[in-house]
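# Examining the three-dimensional arrangement
Listed here are the chains, written in short residue letters.
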Amino acid sequence: MAELKIKSAAETKWDCVSFGEVMLRFDPGFGRVRNTRTFQVWEGGGEYNVARAMRKCWGKRAAVVTALPKNDLGWLVEDFIMQGGVDMSHVIWRDFDGLGRNTRVGLNFTEKGFGPRPALGCSDRGHSAASQIRPGEVNWEKLFGEEGVRWFQTGGIFAALASNTAEAVLEAVEVAQKYGTVVAYDLNYRASLWKSQGGKEGAQKINREIAKYCDVMIGNEEDFTACLGFEVEGADEHLTNIETEGFKKMIETAVKAFPNFKVAATTLRNAKTASVNDWSALVWYDGKIYESMKRDNLEIYDRVGGGDGFASGLAYGFLEGKGPQLAVEYGAAHGALAMSTPGDTSMVRVEEVEAAMKGKGARVIR
């Protein structure tokens with residue numbers, strides 16, 4: 001089993017670079033999208049959220065590769081990204097036609113959910129600037145070859161947007177692998193996004209091709225089943241109940257099919273209600289499974305971004321050479337804390353994550 005080899009900070013410009021769409025999230029608070037008169041607005045994206053946490057929580061050098069229109073909504077996203085300290089030197093800016101027919105910012109209307117009412121997402125993202133990214137638009141040789149990147153984060157949400165974004169992801173991971181950058185891929189299966197690319201069959205065809213270049217594969221039980229075609233023993237039809245042993249076997253099967261995987265990781269969430277979840281995580285590394293602390297009956301404020309919080313904490317643990325056990329603990333604790341605040345992105349600092357890892361209660365911090 002090959003170990004995860006990570007470039008040193010000294011030989012690279014970036015600790016983490018994310019590739020994907022950054023959307024505007026419209027949040028009706030505890031109301032409904034269909035009834036609200038006011039929205040709070042955040043930026044967010046499954047890939048970008050990892051880079052933002054890498055800078056804001058973990059204090060690392062982070063950049064994002066995406067595309068935005070040259071209009072006030074594009075500049076609003078830019079302002080949000082700049083608040084997060086994420087570098088934008090590799091962002092593609094597209095001319096705007098004044099209407100949004102040629103390019104626009106993707107919008108995501110998302111309810112937190114509460115109690116018996118689950119979280120709800122309604123996307124309005126057609127013709128977005130990022131969804132039009134195609135091979136040849138990004139200078140990957142400059143990014144990975146000249147500047148140098150330690151950890152490259154991308155995922156299945158972005159690959160699902162269009163055939164050209166899937167091809168762009170493939171182009172990126174090939175160059176990243178060539179230069180020895182760790183490639184981390186979060187499967188993040190969304191049935192609604194894959195409809196136009198052939199459903200589960202299309203998702204598996206594309207994701208299995210991208211998977212050949214990945215060092216770190218992240219996804220929950222549904223992701224591995226739908227995107228890579230691996231079955232999980234002990235999971236029910238809706239994957240609401242999963243036996244840890246069954247998941248371990250599935251990861252071991254996945255690693256046999258893709259021997260390039262150095263790390264396979266998943267969050268385990270049992271959503272009892274929208275507001276109370278059991279939460280933990282598993283990491284497979286060097287033939288062994290490492291389990292995080294189990295947080296039963298974890299109270300959830302806003303579940304969106306919990307998985308991205310896990311992915312970023314996992315990356316931090318490995319980047320800092322802390323080993324797989326601490327990496328899964330950083331990931332699970334950070335994911336739990338990310339779900340304690342509104343918005344897609346985490347609002348905590350590394351000290352708060354480490355306190356949660358030690359099981360410290362929510363005493364007043366003075």
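What you see is a predicted model, and the numbers here were worked out from it, not measured in a lab. Counting of residues starts from 1 at the beginning of each chain's written sequence and follows it residue by residue. In view of the model being predicted, local features appear only for residues whose pLDDT reaches at least 70, and side-chain atom pairs are presented and counted only at 80 or more, with totals across whole chains, interfaces and linings using the full set of residues. For side-chain calculations, the full set of non-hydrogen atoms in the structure is used, while hydrogens and water are omitted.

## Looking at the environment of Arg32
Tracing the sequence through the fold places Arg32 in the loop between strand E2 (23–27) and strand E3 (40–44). Between the C-alpha atom of Arg32 and that of Lys7, which follows or precedes it by 25 residues, the distance is 46 Å. Two residues form a contact once any of their heavy atoms are found within 4.5 Å. Look past the residues within four positions of Arg32 in its chain and what remains in contact with it is Glu111, Arg117 and Leu120. Numbering of helices and strands runs from the N terminus, with a helix taken as a DSSP run of H or I at least four residues long and a strand as a DSSP run of E at least two residues long.

## A closer look at the side chain of Asn277
Assignment of secondary structure puts Asn277 in strand E13 (residues 276–285). For each residue, the accessible area found with a 1.4 Å probe, counting protein chains only, is set against the maximum for its type, and the residue is called buried under 20%, exposed over 50%, and partly exposed in between. By relative accessible area, Asn277 is classed as buried at 1%. Within the local environment of Asn277, its side chain forms a polar contact with the side chain of Arg269, the two groups lying 2.7 Å apart. Between N or O atoms, a polar contact is any pair within 3.5 Å; within protein, one atom must be a potential hydrogen donor and the other a potential acceptor, and residues adjacent in sequence are included only when both atoms are from side chains.

## Considering the packing of aromatic side chains
For this analysis, a ring pair means two rings from Phe, Tyr or Trp (six-membered ring only for Trp) whose centres lie within 6.5 Å, classed as stacked if their planes differ by under 30 degrees, edge-to-face if by over 60, and tilted for the remaining angles. Applying the stated criterion to the full structure yields 17 aromatic pairs. A ring pair is formed by Phe26 and Phe39, whose centres lie 5.7 Å apart and whose planes are at 85°; its orientation type is edge-to-face. Here Phe26 is found in strand E2, whereas its partner Phe39 is found in the loop between E2 and E3, with 13 residues between them in sequence. Pairing Trp140 with Phe152 gives two aromatic rings, centres 5.8 Å apart and planes at 75°, and the pair type is edge-to-face. Of this pair, Trp140 sits in helix H3 (residues 140–147) while Phe152 is found in strand E9 (residues 149–155), placing the two residues twelve residues apart along the sequence. Both residues of the pair, Trp140 and Phe152, count as buried.

## Describing the packing of helix H5 (residues 163–178) against helix H7 (residues 199–211)
Two packed helices can be described by the angle between their axes and the distance between those axes. To obtain each axis, a line is fitted to C-alpha atoms, and for helices this fit is confined to the stretch in contact; angles are then taken between N-to-C directions over 0 to 180 degrees. One can describe the packing of H5 onto H7 by two numbers: an axis separation of 10 Å at closest approach and a directional angle of 10°. Classified by the angle their axes make, H5 and H7 are roughly parallel. Between H5 and H7 lies a crossing whose hand is left-handed. For the pair formed by H5 and H7, the contact residues are Ala166, Val169, Leu170 and Val173 on the first element and Ile206, Glu209 and Ile210 on the second. Lys, Arg, Asp and Glu make up the charged group, whereas Ala, Val, Leu, Ile, Met, Phe, Trp, Tyr, Cys and Pro make up the nonpolar group; the residues left over, Gly among them, are polar. Grouping the constituent residues of the contact of H5 with H7 by class yields six nonpolar, no polar and one charged. Angular relationships are summarised with four words: roughly parallel below 35 degrees, roughly antiparallel beyond 145, roughly perpendicular across 65 to 115, and oblique for the angles in between. Each crossing gets its handedness from the near helix: less than a right angle anticlockwise from the far helix is left-handed, clockwise is right-handed.

## Structural notes on the sheet that holds strand E7 (residues 107–111)
Sheets are built from strands paired through backbone hydrogen bonds, the pairs being either parallel or antiparallel. Taken in spatial order, the four strands of this open sheet run E3-E2-E7-E8, and their pairing is mixed. Each edge of the sheet is formed by a strand with only one pairing partner; in this case those strands are E3 and strand E8 (120–124). Across this sheet, the average inter-strand angle for adjacent strands is 25°, counted without regard to direction. Across five bridges, E2 lies against E3 in antiparallel orientation. Directly across from Phe26, in E3, lies its bridge partner Val41. When DSSP finds at least two bridges between two strands, those strands are taken to pair.

## What to know about unusual backbone geometry
Despite not being glycine, His127 shows a phi value in the positive range, around 65°. With respect to the secondary-structure elements, His127 resides in the loop between E8 and H3. You can call His127 exposed: its relative accessible area is 52%. Notably, Asn188 is not glycine yet its phi reads approximately 45°, a positive angle. Position of Asn188 among the secondary structure elements: in the loop between strand E10 (182–186) and helix H6 (191–194). Owing to a relative accessible area of 12%, Asn188 belongs among the buried residues under this scheme.

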